[in-house]
Amino acid sequence: PGFSKILIGDDCIDDWEKYLDLMIRSIADNGGRSCINASGIWVTRHAEEIAEALAERLASIVPRPADDPQAQIAPFVDPNVATRISTLIDQGLSEAGAREITANYREGDRLVEQDGCKYVLPTIVLCESSEHGMANREYMFPFTSVVKTSRDQIPEALGPSLVVTAITNDSDLIRQLINASNVDRLNVGAVPTTQIGWDQPHEGNLFEHLYGRRAFQRAVA
């Protein structure tokens, strides 16, 4: 049904540092393997600063033993899958208009092997446009594209979206997102994309064949 994203509105973008922990949690919870992990951060300004801050924080996530309480990423069961994913990212970055920011903060390659297992290290990509091929990608590890967009492109440019966390108080933007057919689960305010209310509808139930449902969460001020 689409990818999960965080959208920071014009009215909140200058305070983006307040939401850095929320972004990290949305990207890295559960090793970045869930469909509700944020694979995109969509912003109108400060894209470079946000990408650098995310890359610096996520660079601290490294392979650890499975019994280590600080372990935050998991190896791929099939090591060939890890290799293919890293290769696909390199191919996507060969298109002008996107670059990997995490490469500046880690030592060595994105693809690493430890104790006979292969890992793909957290990756932050900066996209100059929502039309770039890397702007809407999702992988089974902590991967996120920071995408430069404009207010008039939203919500259409988001494309099919499983979860959108909209950090904004812009009532017009909120109304547009509520009415957007390409947005499934909508969070308004500082709600991580990975936060699930079990009383909210979710995909995959027979109920969906009988009724149209919509998930909506809003942060308490």
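Data block above holds the structure.
What comes next is a walk through the structure. (Residues numbered from 1 in each chain as written. Predicted model: local features only at pLDDT ≥ 70, side-chain atom pairs only at ≥ 80, totals over all residues. Heavy atoms only, no water.)

**Some points on the pattern of salt bridges**
Note the cut-off: The salt bridge definition used is simple: a Lys or Arg side-chain nitrogen within 4 Å of an Asp or Glu carboxyl oxygen. Strands are runs of DSSP state E lasting at least two residues, helices are runs of H or I lasting at least four, and both sets are numbered from the N terminus onward. Each residue gets one of three labels from its accessible area relative to the maximum for its type: buried under 20%, exposed over 50%, partly exposed in between, using a 1.4 Å probe on protein chains only.
Under the defined criterion, the tally for this structure stands at twelve salt bridges. Among the ionic pairs, Arg110 bridges to Asp90, the shortest N-O distance being 3.0 Å. Residue Arg110 is found in the loop between β3 (98-100) and β4 (111-114), and its partner Asp90 is found in helix α3 (residues 79-93); the two are separated by 20 residues along the sequence. Note that Asp172 is salt-bridged to Arg175, the shortest N-O span being 2.4 Å. A residue pair is termed a helical-turn pair when its members lie 3 or 4 positions apart in one helix, as Asp172 and Arg175 do in helix α4 (residues 171-179) at three residues. Accessibility expressed as a relative area gives 41% for Asp172, which makes it partly exposed. On the accessibility criterion, Arg175 (46% relative accessible area) is partly exposed. Salt bridges linked by common partners bring Asp90, Glu100, Arg106 and Arg110 together as one network.

**Thoughts on α4**
Let me state the cut-off plainly: Our arc is simply the arc of the directions from the helix axis toward the C-beta atoms. Pairs of residues are marked as contacts when any of their non-hydrogen atoms sit within 4.5 Å. In protein, a polar contact requires one atom able to donate a hydrogen and another able to accept it; more generally it is a pair of N or O atoms within 3.5 Å, and residues adjacent in sequence count only if both atoms are side-chain atoms.
Leu173, Ile174 and Leu177 are the residues of α4 that are buried. Buried residues of α4 fall within an arc of 100° about the axis and therefore sit on the same side. Summarising the contacts, the buried residues of α4 are in contact with β1 (3-8), β8 (161-167), β9 (183-188) and β10 (215-218). The distance from a side-chain oxygen at the start of α4 to the backbone nitrogen of Asp172 is 3.0 Å, and the residue carrying that oxygen is Asp170.

**Quick word on the packing of helix α1 (residues 20-28) against helix α2 (residues 47-58)**
Applied cut-off: Axes, fitted as lines to C-alpha atoms, cover a helix only where it is in contact. Angles between the N-to-C directions of the axes lie from 0 to 180 degrees. Convention used here: angles under 35 degrees read as roughly parallel, angles over 145 as roughly antiparallel, angles from 65 to 115 as roughly perpendicular, and any remaining angle as oblique. Handedness of each helix crossing follows the sense of rotation of the near helix against the far helix: counterclockwise by less than a right angle gives left-handed, clockwise gives right-handed. Three classes are used, and their members are as follows: Ala, Val, Leu, Ile, Met, Phe, Trp, Tyr, Cys and Pro are nonpolar, Asp, Glu, Lys and Arg are charged, and the others, Gly among them, are polar.
Put simply, α1 and α2 touch, their axes get as near as 11 Å, and they point 60° apart. If you check the angle between α1 and α2, you find them oblique. The chirality of how α1 crosses α2 is right-handed. Where α1 abuts α2, its residues Leu20, Asp21, Met23, Ile24, Ile27 and Ala28 lie against Ile50, Ala53, Leu54, Arg57 and Leu58. Along the lines of polarity and charge, the residues of the contact of α1 with α2 split into nine nonpolar, no polar and two charged.

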